[in-house]
Amino acid sequence: MSINAADTAWLLVSSALVMLMTPGVALFYGGMVRRKNLLSTMMMSFAILGLVSLLWVLYGYSLSFGPDKGGIIGGLDFIGLRTVGQEPSSVYATTVPHLAFMAFEAMFAIITVALVTGAVVERMKFSAFIVFSTLWLTIVYCPVAHWVWGSGGWLARLGVLDFAGGTVVHINAGASALALAWLLGPRRGYREKEPMEPNNIPMVVLGAALLWFGWFGFNAGSALTSGGLAASAFVATNTAAATAAFTWMLLSWIHRRPSLLGAATGAVVGLVAITPAAGFVSPVMGIPIGIGAAVACYYAMLLRARKMGVDESLDVWACHGIGGTWGALATGLFASVAVNAAGANGLIFGNAMQLGKQLLGVAVVWVFAFAATWVLGKIVDVTMGLRVNATEETVGLDISQHGERAYGGMLR
Amino acid sequence: MSINAADTAWLLVSSALVMLMTPGVALFYGGMVRRKNLLSTMMMSFAILGLVSLLWVLYGYSLSFGPDKGGIIGGLDFIGLRTVGQEPSSVYATTVPHLAFMAFEAMFAIITVALVTGAVVERMKFSAFIVFSTLWLTIVYCPVAHWVWGSGGWLARLGVLDFAGGTVVHINAGASALALAWLLGPRRGYREKEPMEPNNIPMVVLGAALLWFGWFGFNAGSALTSGGLAASAFVATNTAAATAAFTWMLLSWIHRRPSLLGAATGAVVGLVAITPAAGFVSPVMGIPIGIGAAVACYYAMLLRARKMGVDESLDVWACHGIGGTWGALATGLFASVAVNAAGANGLIFGNAMQLGKQLLGVAVVWVFAFAATWVLGKIVDVTMGLRVNATEETVGLDISQHGERAYGGMLR
Amino acid sequence: MSINAADTAWLLVSSALVMLMTPGVALFYGGMVRRKNLLSTMMMSFAILGLVSLLWVLYGYSLSFGPDKGGIIGGLDFIGLRTVGQEPSSVYATTVPHLAFMAFEAMFAIITVALVTGAVVERMKFSAFIVFSTLWLTIVYCPVAHWVWGSGGWLARLGVLDFAGGTVVHINAGASALALAWLLGPRRGYREKEPMEPNNIPMVVLGAALLWFGWFGFNAGSALTSGGLAASAFVATNTAAATAAFTWMLLSWIHRRPSLLGAATGAVVGLVAITPAAGFVSPVMGIPIGIGAAVACYYAMLLRARKMGVDESLDVWACHGIGGTWGALATGLFASVAVNAAGANGLIFGNAMQLGKQLLGVAVVWVFAFAATWVLGKIVDVTMGLRVNATEETVGLDISQHGERAYGGMLR
Amino acid sequence: MKKIEAIIREEKLDAVRAALQNSGYYGITVSEVSGHGREGGLILQWRVGEYKVDFLPKLKVELVVLDEDVARTLNAITSAARTGEMGDGKIFVLPVENAVRVRTGEEGDNAI
Amino acid sequence: MKKIEAIIREEKLDAVRAALQNSGYYGITVSEVSGHGREGGLILQWRVGEYKVDFLPKLKVELVVLDEDVARTLNAITSAARTGEMGDGKIFVLPVENAVRVRTGEEGDNAI
Amino acid sequence: MKKIEAIIREEKLDAVRAALQNSGYYGITVSEVSGHGREGGLILQWRVGEYKVDFLPKLKVELVVLDEDVARTLNAITSAARTGEMGDGKIFVLPVENAVRVRTGEEGDNAI
Ligand SMILES: Nc1ncnc2c1ncn2[C@@H]1O[C@H](COP(=O)(O)OP(=O)(O)O)[C@@H](O)[C@H]1O
Ligand SMILES: Nc1ncnc2c1ncn2[C@@H]1O[C@H](COP(=O)(O)OP(=O)(O)O)[C@@H](O)[C@H]1O
Ligand SMILES: Nc1ncnc2c1ncn2[C@@H]1O[C@H](COP(=O)(O)OP(=O)(O)O)[C@@H](O)[C@H]1O
């Protein structure tokens, strides 16, 4: 097929928008930790932007989107971008240069790894983090991306719907975060004293704003063409984000006071939940999906904090794991072929099967991501150790891991 | 008509850019208040991003752009996005999905409400703010948007030109800000002591930068198509912003020293003033419009601070009210059908009538916005009270309204 | 030719992205100086955004891209945008409005001047800076832009390749920075004590992120059309940035610890180096170009700091001068007509000539920029003085030049 | 000479300064401190749930006064800084043996 | 009454506070200071190369105690703040002549 | 033992530190304070117009010295911190009754 310049422009812009989300994560997470770990938290996202961009070009894209091998993994034909050129791919995004599709997908791989870092901040050794991330991209992300999005992937063939990454990105990140936090153990002083106060809430809000902005590329860009579907996904995205932000604000208000940190968190979980659904549901469904996301994630977070013994520090599981699960299931409820002929009808349009498929997709990714991450984490732990030592943790990872401090000055 | 993919891509990108302006306002305003009210100020914009996105989908778009009812208001046909779908509208932006046009307009409604917050920061009760904003969107914004931009709106029919929101957004926000600040009364300690020092000027500059960036979507996106007119509006926008930033810097230099806060403010007022004119005037007219904006708003701000008894805290009136007025009148001076055949000639091209029409548009919006806001504000004041109490104000709204503080740490 | 709406959308978006890079520079540089000079550093970039936007419209575009005068300079036909309208130019970017091309090029001129400021922060008088910048734009930037990019420019005619500004932007800025820093002399206390500690590394990272984001417009936008070439340049850009960020991180790790400031710097030098090559080389060449950039600039910076007696404060020369030089030469090595038929083959494709041409381009711009800057700087020094006085420098430029301080509060 | 160290509420600085100026002392040094006392801490919110912060922001006002002015100064500060609620702060009086004005080298009472 | 000024490591604040509370003193004032002593400085990195920061962040804990409690308090702080490494800090005892509780105007020992 | 508290200009810290080191004292504690004195305040700009800030940033340098070193130390600080302009700051000398080195538990003069 030949290149459509408008689709290409839209996909390139979307790729740039999704790229900006990773610095968005750096700010969003960075603002929530203690100041002594601010740079270390940002560094995790920034290093991933470098590392995964590179690995993706070298082999990640090929494993995920290379010619299918038994529904499980992509072949090595695209290693080092071999045959990935200015002409369109014959199977993916056939109206834009293959390179543009590759770049767009690269940004998804990057941010997924960056999301996981929320579980391990303030105590993970940087060297172990780099090794773990390389393994995780290769052994967890690439296969799951192939199953769901790869032409011939087994979950795709079964009809599991995931418009922009509810399973591949969010459940994947959330389940892995839980496993890794569990292996790592809690931060020193966790629960003994007052919680670790966020060092910079305006920074969190700026991060959330960049995430919201970039998510238009994430979701509406996933239409892979410019037109009605992209517009529909765009509106669904904004509506879900807004509704969830407002709902979370109300939940915190009921509890005590309307919280800005809560509203920012709500926006993010609304964006998470609409991700798998954005191009399959009518945009106004962003409202129930947003409300559901805020409520589900709010109580999941409470549960994690009060009942589960794990210091999953920035609640990747509660936000992305639960938000992504709700979104994947909501796709099975609200999807409509009137919105996207390439999709399916959901339960409310009489197709209960689709909900079953979605449940299958959710369960598979949950189990695989959790288990595989646990094994990978354990291997890294045994071989090189996952955690910094007690002194390094007390001093803070900025100085102990990176030899830097966030705010320099004459004195402090 | 059928969908043009390039126009769609351009309008979706523009919508994303305009969305980013509201966090831009959060930073721009947040940096200018005292630290104890930083989160509260950002929260106003962030909550509006949630609230108005939702209300717009529910009924705001319908009231503004639904089928005309007597030139005054839109009908309820588009409630809950009914019949607003992937196909183009038959009257608005007929080359892009109706949903894309709806989304683009949503972002304008959001930022307009966010702009008003500059008048009420550091003392308005958050609950009252939410109620007021809902009323104001419904009773002030939607009608005015319909009059000026709605197909069949009475000001539109009279030939009042407003390319991207000089009256609908800026005069509307500015006049309302003045009324509301007047009702609220000054901040405690206002004028008794040194002015309330901005807590973070780099944050103001970042906010201004995001506004400038997003404004390309605001103005050039308002061409609703990609092509010569969008390019022309883009250049007019950048030229006016730059000229006004530089002019304000010179004004502060003449007075004392070249001020960065001044240059950032200048950029914003230049952007405000070019807004109604961007797609009707030759781009080089950005120069006189920018100079005029800086001078007019600078002296309006001086006047407000020294002569008027009102603590219109972040000078929404002086920046947006006066800037928007100058821009609307400048449109009547400099507009040219050679630039935009859908526009009109202005005074310098021999059509004095147009200036009269612009004056009418300005006067109508000024009077209506001021009066309606005063009444709405009064109602909220009488029923639930507009202001926090003295202790809450002294402690700061971050803690008293939101139970949060911007910068946490071991100690402070 | 007629306007292509998709190309126009892409070029307008790219222009907006490049515009955002200048505030990106403000943050990137602002975070690296001492707090007392934070606003002054940001102000330099912000003032340039105003000043150069204006001068470009008035005469800069005409000098650079006006009808050729002997290969040396553009004619005055485009003064004040005369005849630069909504129709395409007949020679540049013939599928988009001439105004869109003009705007895109404006953003390049702006950021180039902003880059130079890294050499002079913390001690240059603001008035002298404004005068110098005006002269420099006129006498250094515009001619060089004409030589390399102007239709008929002598270096362009010789076949020197510079896709997006390796010579025009980066070598130009780097060589000029060195000359100007040399004239200005070192900051008070430079080398006597510990280095001047960066006041805000998260701000540096945010700046680097905005630069990376905006650079997609810079490089992929330089295709001037939406399609395969833009996609290819996009991927080359991201790959080089990522590789260089990761490489610099490894270099700092070898030396001591993986540094976030280092990774951010690495990203920038990778982006610099890929700039001239982005649309001429296969995207995977981003890897060697990125590695080379990080290594070359790292050691250039060490050399500058330890061996050269010049306080080129934020290492514009090492980052942009050396990075741009490596990129220009790498273009001569790796360019391929298979990627871009309008380009040429490089050395590895058997065309050693091209490397020679690149060397010529590099040498010419190095010598001209250095010499002309030295002369202009000297003139400004003799007539009005380049530096603030000792007290002003000790107090900090924020207060002494701008009468402002970054963070206000009750006390400090 | 005595050194007076007053821990006060942030919002009382202006009143205290005015009171001191009325009693003839305009030279003061102020710093931001964090205090814990009888006053309860601050309850803040996290994304879900809440937490208590033990230390509250206070200001420390330091000034050195002549022996004969101590009582007057204490009174001035006390009445300016009082709200009657817990957390109003404390004032301590410490002996000072000498003072030097850096600019002139003057010592003792003249340096104040 | 004596004023106890302890310069301690940042991470020891909680332990010191607990120890003080055990010995009956919950009213304290803390501030962030920068200290230089025998302890080496901090080596930080720049884009290339590194530099040394001479001043390390410390906390200053100030509290006024009754004369009879001085020894006990010193012991409590010393054992809570000690790591045995250079940089553990110092404690100084200064005489206090008077104290006032702002809220009530009480003076002397009653004000503590 | 005496405690020396010097309020100095920010930019004089290096000179003062060097002078103290020359007289044998490298252990010092520094904090950021805000001072108001004879020196005029700072005029800053707002978007339009200007305003005055009363408090100027100063540093407080604290160190405890042996009795016999007081005079020498005062001289060292005074000459290092002087510019001759208003706002050079003040130095106060306070009696200290005891000192403890946390690391070793040493008391008195040995702890300094
Ligand atoms: N013994 C003490 N030593 C030093 N500072 C104290 C002491 N007691 C109280 N403070 C300081 O005074 C502040 C107010 O004390 P608090 O007990 O809360 O109020 P009140 O004096 O009104 O009962 C505290 O936050 C603390 O900074
Ligand atoms: N003579 C002194 N006067 C004031 N503060 C001091 C003095 N000596 C040390 N300090 C403070 O105590 C801290 C720890 O001192 P240091 O010499 O590093 O450790 P140690 O006491 O374990 O030998 C220093 O950082 C400084 O803040
Ligand atoms: N009586 C005082 N008590 C405590 N600090 C003082 C006193 N007088 C002055 N200071 C401090 O000394 C600083 C310099 O004092 P100032 O009067 O401006 O200069 P100078 O001593 O040169 O006349 C002030 O900013 C303040 O911090």
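Anything mentioned here points back to the structure above.
Residues numbered from 1 in each chain as written. Chains lettered and ligands numbered in written order. Predicted model: local features only at pLDDT ≥ 70, side-chain atom pairs only at ≥ 80, totals over all residues. Heavy atoms only, no water.

> Help me out: how do you make sense of the pattern of salt bridges in this one?
A side chain of one charge can pair with a side chain of the opposite charge if their charged atoms are brought near each other. Across all of its chains, the model carries 57 salt bridges over all chains by this definition. With a closest N to O distance of 2.7 Å, R72 of chain E and D69 of chain E form a salt bridge. Residue classification places D69 of chain E among the buried positions, given a relative accessible area of 11%. A single salt-bridge network, built from bridges that share partners, covers K3, E5, K60 and E62 of chain D, K3, E5, K60 and E62 of chain E together with K3, E5, K60 and E62 of chain F. (Salt bridge = Lys/Arg side-chain N within 4 Å of Asp/Glu carboxyl O. Buried < 20%, exposed > 50% of the residue type's maximum accessible area, 1.4 Å probe, protein only.)

> What exactly am I supposed to notice about the site of ligand 3 here?
Lining the immediate environment of ligand 3, one finds 22 residues, of which T29, V64 and R103 of chain D together with R38 and G87 of chain F sit closest. Around ligand 3, the nearby residues trace back to chains D and F. The side chain of T29 of chain D places a nitrogen or oxygen atom 2.8 Å from an oxygen atom of ligand 3. Protein contacts shield 98% of the accessible area of ligand 3, which totals 550 Å² for the unbound molecule. Those elements that place two or more of their residues in the shell around ligand 3 are β2 (28-36) and β5 (56-65) of chain D together with β2 (28-36) and β6 (90-95) of chain F. Sort the elements by how many residues they give to the shell around ligand 3 and β5 of chain D lands first, with three residues. Tallied by class, residues from the shell around ligand 3 come to seven nonpolar, seven polar and eight charged. (Near = heavy atom within 4 Å. Polar contact = N/O pair within 3.5 Å; in protein donor to acceptor, adjacent residues only side chain to side chain. Areas by Shrake-Rupley, 256 points an atom, 1.4 Å probe, with all protein chains shown as cover. Helix = DSSP H or I, 4+ residues; strand = E, 2+ residues; numbered from the N terminus. Nonpolar A, V, L, I, M, F, W, Y, C, P; charged D, E, K, R; others polar.)

> What am I meant to see in the pairing of β2 of chain D here?
Counting buried residues in β2 of chain D gives eight out of nine residues, a clear majority hidden from the surface. Two elements, β2 of chain D and β2 of chain F, share three bridges in a ladder whose sense is antiparallel. For V30 of chain D, the partnering residue across the bridge sits in β2 of chain F and is S34 of chain F. Here β2 of chain D pairs with β5 of chain D via seven bridges, running antiparallel. Its bridge partner being in β5 of chain D, G35 of chain D is matched across the sheet by L56 of chain D. (Pairing = 2+ DSSP bridges.)

> Any chance you could explain empty space enclosed by the protein here in plain terms?
Empty space among the atoms becomes visible once a probe the size of a water molecule is rolled across them. For the structure on display, the rule yields 13 cavities of 30 Å³ or more. Roughly 80 Å³ of internal volume is contained in the largest cavity. Forming the walls of the largest cavity are V13, A16, L17 and F213 of chain A, V13, A16, L17 and F213 of chain B together with V13, A16, L17 and F213 of chain C. Counting only elements with at least two residues in the lining of the largest cavity, the list comes to α1 (5-30) of chain A, α1 (5-30) of chain B together with α1 (5-30) of chain C. In this structure, the second largest cavity is lined by S53, W56, V57, M102, A103, A106 and M107 of chain A together with V235, N238 and T239 of chain C. (1 Å grid on protein atoms, 1.4 Å probe; cavity = no way out; pocket = protein on both sides within 12 Å on 5 of 7 lines; lining within 4 Å. Points joined across faces, edges and corners; volume = space filled by probe spheres on them.)

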